[in-house]
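Here's the letter readout for the chains.
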Amino acid sequence: ITYNAAVSACEKAGQWEHALSLMSHMQGHKVMPNVITHNAAIGACGKASQYEQAFSLMEDMRRGGLVPDVITYNTAISACEKGQQYEKALFL
């Protein structure tokens, strides 16, 4: 829960690089990010128009056996909008 709160704080502050760093730190300590963690990190990337990073996180979710939820898709679509990648949003 602490990691989720920290990644969420990074999202609110627009610190996408810090959010990704925290996720990496989690995995290094054998704490696996969950859907909530991913959603916050995708949101942080989206706020910084880092849609490619957002897509990469979605792929990481799937590879890790996590199922993206409605929030994941909405956040990824928002990342596409901020990055002016409207066609990519259609393929989510």
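Refer to the structure presented above.
Now for a quick tour of the structure. (Residues numbered from 1 in each chain as written. Predicted model: local features only at pLDDT ≥ 70, side-chain atom pairs only at ≥ 80, totals over all residues. Heavy atoms only, no water.)

1. Focus on the packing of helix H3 (residues 35-47) against helix H5 (residues 70-82)
Look at H3 against H5: their axes get within 8 Å of each other, and the N-to-C directions meet at 10°. Here H3 lies roughly parallel to H5, going by the angle between them. The hand of the H3/H5 crossing is left-handed. Between H3, through Val 35, Asn 39, Ile 42, Gly 43, Gly 46 and Lys 47, and H5, the contact on the second element is made entirely by Ile 71, Thr 72, Thr 75, Ala 76, Ala 79 and Lys 82. Residues of the contact of H3 with H5, tallied by class, amount to 5 nonpolar, 5 polar and 2 charged. (Axes fitted to C-alpha atoms, helices over the stretch in contact; angles between N-to-C directions. Helix = DSSP H or I, 4+ residues; strand = E, 2+ residues; numbered from the N terminus. Parallel < 35°, antiparallel > 145°, perpendicular 65-115°, else oblique. Left-handed = near helix turned anticlockwise from the far one by under 90°. Contact = heavy atoms within 4.5 Å. Nonpolar A, V, L, I, M, F, W, Y, C, P; charged D, E, K, R; others polar.)

2. Remarks on the nonpolar core
Formed by 18 residues in total, the largest nonpolar core has its most connected members in Val 7, Ala 19, Ala 41, Ile 42 and Leu 57. Those elements giving two or more residues to this core turn out to be helix H1 (2-13), helix H2 (16-28), H3, helix H4 (51-63) and H5. Ranked by residue count, the leading element in this core is H3, at 6 residues. Not counting the four nearest positions on each side in its chain, Ala 19 is found in contact with Val 7, Cys 10, Ala 41 and Ala 44. (Core = buried A, V, L, I, M, F, W, Y, C linked by side-chain atoms within 4.5 Å. Buried < 20%, exposed > 50% of the residue type's maximum accessible area, 1.4 Å probe, protein only.)

3. Some details on the pattern of salt bridges
In a structure, side chains of opposite charge can pair up when their charged atoms sit close to one another. In total, this model carries 3 salt bridges according to the counting rule given. Taking the shortest distance from any N to any O, the salt bridge between Glu 59 and Arg 62 comes out at 3.0 Å. Placement of both Glu 59 and Arg 62 in helix H4 is noted, with a separation of 3 residues, approximately one turn of the helix. Classification of Glu 59 by relative accessible area gives partly exposed; the value is 38%. Between Arg 63 and Asp 60 there is a salt bridge; the shortest N-O distance is 2.3 Å. A residue pair is termed a helical-turn pair when its members lie 3 or 4 positions apart in one helix, as Arg 63 and Asp 60 do in helix H4 at 3 residues. (Salt bridge = Lys/Arg side-chain N within 4 Å of Asp/Glu carboxyl O.)

Nothing here speaks to function; it is all geometry.
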